[in-house]
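Here is what each chain is made of, one letter per residue.
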Amino acid sequence: MEPKSREFPSAFLWGTATAAHQVEGGNRGSDLWLMEMAKDSLYADPSGDACDHYHRYAEDIALLKGLGFNTYRFSIEWARIEPEEGFFSAAALDHYRRMIATCHALRVIPMVTFHHFTAPLWFSRDGGWENEKSVDRFARYCDRAGRALGDLISCACTINEANIPLMITMMREAVGIGGGDKRERALAEAARLSGGEPGRFSTYLSGDGRASTPNLIAAHRKAYDFLKPMVKGPVGITLSLNDLQAEPGGEALRDAADQMINRQFLEAVRGDDFVGVQTYTRVRFGASGLLPPEGERTQMGYEFYPQALAACIRSAAKVSGCPIIVTENGIGTEDDTRRIAFTKAALDGVLDCIADGIDVRGYIHWSLMDNFEWLEGYRPKFGLVEVDRTTQARKPKPSAYWLGDIANANRL
Ligand code: BGC
């Protein structure tokens, strides 16, 4: 069924997203740099120079503006800002201040994420998010960065996908994703290389999500309170939300997973300015566990299922009571026509949600450009813009012009 109106609300945020470690290059003070460079690394490629966005941000922001977008979601890198515990780099903060100022100069709304998966090496060497000191450590970093940058920040995300460590831990237990036995060895090697105690090294994505979750929720709450008075706009968290579906007999498993992975987080952010919904696919449960994807798969092995976005917006709005910003949605594919088909169907669902009275304030596509896709390295292509890995030349794909035109017209 066609949605009633093809128009999006006025002041709708139309953006593209990136994350510092995935695009900047040379993030040498971070935990993942060490993990990527270690022998027998879990990572398919090292991030290396990535897209050299650290130096090319101005041309990249101008590019997205020229395509028709009004918002840029990116992250500032804790490992650069606080490379040693308690030492805050004025030079790194100045860099991000110039970057945010460039957004304003180009009339692009800066949406700034304070933590997107990576952390300083010193933090992960000392137990990362599993250590309860993480709560105060993260709040202190947000306080310092907020004081330096907050007056220019139009929208802030504290933690990207605060529920993903728990989701990965549960998936590891259920189906062995995330490195299997190699993961233990990689963490042990990282502990050794970093000069830390054996067994103590823990990263966001490879650590124990059951141990880190209470700290992540507490850290968000504390950072939210610190950032609220400093940021000139809404503050929220983002969550990785899959559309969890049950085949007959799978309802109990689905509901238990939903409570653990989604609802406990959505309940913890009630009253926030917004919740960021990040959706890529659906996950189905049968009576004896997870069911395999059906039909077409993306480069990540996920089912091509763009309808998931509307379902996740609906449940996020219902459980949290918060306004919604779609802070990520996209597809890993070499076939740009499938990116357009996926995004068109996802946006149809957004319009349906808006027609039903749900307060959806923006759609931010993942990603501006092809970049470092964590464990998978540079193989998956999520970008609207292609990046030549040798010359760093940028080339918008047809999907970039297509989505930029929709953004510009505020109409599908
Ligand atoms: C993350 C991004 C990632 C994207 C595609 C999200 O989980 O926030 O960093 O690149 O999904 O897999």
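Up top is the structure.
Residues numbered from 1 in each chain as written. Predicted model: local features only at pLDDT ≥ 70, side-chain atom pairs only at ≥ 80, totals over all residues. Heavy atoms only, no water.

Some remarks on the environment of Gly86
- For Gly86, the position within the fold is in the loop between α4 (78-81) and α5 (90-105).
- When its relative accessible area of 45% is taken as the criterion, Gly86 is described as partly exposed.
- Sequence separation between Gly86 and Val23 is 63 residues; the distance between their C-alpha atoms is 26 Å. (Helix = DSSP H or I, 4+ residues; strand = E, 2+ residues; numbered from the N terminus. Buried < 20%, exposed > 50% of the residue type's maximum accessible area, 1.4 Å probe, protein only.)

Focus: the sheet that holds strand β4 (residues 155-159)
- A barrel is described by the order of its strands in space; here 8 strands give the closed sequence β1-β2-β3-β4-β5-β7-β10-β11, paired in parallel fashion. The sheet shows a mean angle of 25 degrees between the axes of neighbouring strands, direction not considered.
- By the bridge criterion, 5 bridges tie strand β7 (residues 274-279) to strand β10 (residues 324-329) in an arrangement that is parallel. Bridge pairing in β10 links Thr279 to Asn329. (Pairing = 2+ DSSP bridges. Axes fitted to C-alpha atoms, helices over the stretch in contact; angles between N-to-C directions.)

Comments concerning helix α12 (residues 308-320)
- The end-to-end C-alpha distance of α12 is 18 Å, a good match for the 18 Å that 13 residues give at a rise of 1.5 Å each.
- All of the buried residues in α12 are Ala308, Leu309, Ala310, Cys312, Ile313, Ala316, Ala317, Val319 and Ser320. (Expected span 1.5 Å × (residues − 1).)

Overview of the nonpolar core
- Core analysis: the biggest nonpolar cluster contains 113 residues, and Trp14, Phe114, Phe138, Tyr141, Ile313 and Val360 have the highest contact counts within it.
- The element best represented in this core is α12, accounting for 7 residues.
- Setting aside residues up to four positions removed in sequence, Val360 forms contacts with Pro9, Phe12, Ile313, Ile324, Val326, Val350, Cys353 and Ile354.
- Among the nonpolar cores identified, the runner-up in size contains 12 residues, and Leu13, Met111, Phe274 and Trp366 belong to it. (Core = buried A, V, L, I, M, F, W, Y, C linked by side-chain atoms within 4.5 Å. Contact = heavy atoms within 4.5 Å.)

Notes on the site of the ligand
- Around the ligand sit Gln22, His116, Phe117, Asn160, Glu161, Gln278, Tyr280, Glu328, Trp366, Glu373, Trp374 and Phe382, and that is every residue in its neighbourhood.
- Gln22 places a polar side-chain atom, nitrogen or oxygen, 2.8 Å from an oxygen atom of the ligand.
- Measuring from an oxygen atom of the ligand, one finds a side-chain N or O atom of Asn160 at 2.9 Å.
- Here the ligand loses 94% of its free accessible area of 310 Å² to cover by the protein chains.
- Residue composition of the shell around the ligand, grouped by class: 5 nonpolar, 4 polar and 3 charged. (Near = heavy atom within 4 Å. Polar contact = N/O pair within 3.5 Å; in protein donor to acceptor, adjacent residues only side chain to side chain. Areas by Shrake-Rupley, 256 points an atom, 1.4 Å probe, with all protein chains shown as cover. Nonpolar A, V, L, I, M, F, W, Y, C, P; charged D, E, K, R; others polar.)

Some details on the side chain of His115
- By the element assignment, His115 lies in strand β3 (residues 109-115).
- In terms of polar contacts, His115 uses its side chain to reach the backbone carbonyl oxygen of Thr118, at 3.3 Å.
- When neighbours within four sequence positions are excluded, His115 is seen to be in contact with Trp78, Trp129, Phe138, Thr158, Ile159, Asn160 and Tyr204.

Thoughts on unusual backbone geometry
- In this structure, the amide linkage connecting Trp366 to the following residue, Ser367, adopts the cis form with an omega of 10 degrees.
- Of note, the phi angle at Ala11 is positive, near 65 degrees, even though the residue is not glycine.
- In this structure, Ala11 sits in the segment before β1 (13-17).
- Although it is not a glycine, Trp374 adopts a positive phi angle of roughly 50 degrees.
- Relative to the helices and strands, Trp374 resides in the loop between β11 (360-366) and β12 (385-387).

Remarks on the pattern of salt bridges
- Counted by the stated rule, this structure contains 32 salt bridges.
- A salt bridge links Asp336 to Arg339; its shortest N-O distance comes to 2.8 Å. A residue pair is termed a helical-turn pair when its members lie 3 or 4 positions apart in one helix, as Asp336 and Arg339 do in helix α13 (residues 336-355) at 3 residues. (Salt bridge = Lys/Arg side-chain N within 4 Å of Asp/Glu carboxyl O.)

Remarks on the side chain of Arg6
- As for its placement among the helices and strands, Arg6 is situated in the segment before β1.
- A polar contact is formed between the side chain of Arg6 and the side chain of Asp348, at a distance of 3.1 Å.
- Every residue in contact with Arg6, bar those within four places of it in the chain, is listed here: Lys344, Asp348, Leu351, Asn410, Arg411 and Leu412.

Observations regarding the packing of helix α8 (residues 164-175) against helix α10 (residues 209-227)
- It is at 8 Å that the axes of α8 and α10 come closest, and there the two elements cross at 165 degrees. The orientation of α8 relative to α10 falls into the category roughly antiparallel. The handedness of the crossing between α8 and α10 is left-handed. In this structure, α8 contributes Pro165, Leu166, Thr169, Met170 and Glu173 to the contact, and α10 contributes Gly209, Arg210, Ser212, Thr213 and Leu216. (Parallel < 35°, antiparallel > 145°, perpendicular 65-115°, else oblique. Left-handed = near helix turned anticlockwise from the far one by under 90°.)

What about the sheet that holds strand β8 (residues 282-286)?
- Taken in spatial order, the 3 strands of this open sheet run β6-β8-β9, and their pairing is mixed. The strands lining the two open edges of the sheet, one partner per strand, are β6 (243-246) and β9 (289-291). Direction aside, the axes of adjacent strands within the sheet are offset by 40 degrees on average.
- Relative to β9, β8 runs antiparallel, the two sharing 3 bridges.

Quick word on helix α3 (residues 53-67)
- The first and last C-alpha atoms of α3 sit only 18 Å apart over 15 residues, clearly below the 21 Å expected at 1.5 Å per residue.
- At Glu59, α3 shows its maximal bend, which comes to roughly 40 degrees.
- Among the residues making up α3, those that are buried are His53, Tyr54, Tyr57, Asp60, Ile61, Leu64 and Leu67.
- Within two residues after α3, Gly68 carries a phi angle of roughly 125 degrees, on the positive side. (Bend = angle between axes of the 7 residues up to and from the residue.)

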